[in-house]
Amino acid sequence: MKELIDLHDYLFAVADVGDWDGEEELVADRINAIFHAVWLQLDDDITPATADQLFNELWNELRGNTVLLEADEDELIDWALAFSMKRLEERDSDDEDDEDDDDDTDTDDDEEYY
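Bear in mind the structure is a predicted one, so any value in this text is a computation, not a measurement.

Each value, and the rule that gives it
- Residues numbered from 1 in each chain as written.
- Predicted model: local features only at pLDDT ≥ 70, side-chain atom pairs only at ≥ 80, totals over all residues.
- Heavy atoms only, no water.
- Phe/Tyr/Trp six-rings, centres within 6.5 Å; stacked < 30°, edge-to-face > 60°.
- Helix = DSSP H or I, 4+ residues; strand = E, 2+ residues; numbered from the N terminus.
- Buried < 20%, exposed > 50% of the residue type's maximum accessible area, 1.4 Å probe, protein only.
- Salt bridge = Lys/Arg side-chain N within 4 Å of Asp/Glu carboxyl O.

A. Up close: the packing of aromatic side chains. Tallied over the full model, the rule gives five aromatic pairs. Aromatic pair Phe 12 and Trp 59: ring centres 4.4 Å apart, planes at 40°, arrangement tilted. With Phe 12 in the segment before α1 (24–41) and Trp 59 in helix α2 (residues 48–62), this residue pair connects regions lying 47 residues apart in the sequence. Trp 59 carries the same exposure label as Phe 12, and that label is buried. Note on Trp 79 and Phe 83: the rings are 5.0 Å apart at their centroids and 25° apart in plane angle, and the pair reads as stacked. With Trp 79 and Phe 83 both in helix α4 (residues 73–103), this residue pair falls four residues apart, about one helical turn. Relative accessible area serves as the criterion here: at 34%, Trp 79 is assigned to the partly exposed category.

Laid out in structure tokens, this is it:
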């Protein structure tokens, strides 16, 4: 389902990142580099809703954080890839738990007692 998602919908222009004391272009470039790297690691079967949530979570973690200016771009990308993998694994785990809950039945109701 990845083909249904347009990465360009998530990329930032300089005007989109807010006030960074003259460093808006650097911040936009770094966020976009991070998003491109994460995009490349996403499975082809990712849903648009999951991708949307992931990119929003990434931005929420980084916006306003001076680490975007202080850290090396490669370090930021490594962090973002690890963050993304963890979030996707947590989401998969939550989905599996939900499926397990749906499969559970109350066996007491099915048994006859004599």
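B. Spatial organisation of the pattern of salt bridges. All told, the structure shown has three salt bridges when counted by the stated rule. Of the charged contacts, one joins Glu 90 and Lys 86 as a salt bridge, the two residues approaching to 4.0 Å between their closest N and O atoms. Of this pair, Glu 90 and Lys 86 both sit in helix α4, separated by four residues, roughly a single helical turn. Under the relative-accessibility criterion, Glu 90 is labelled partly exposed at 33%.

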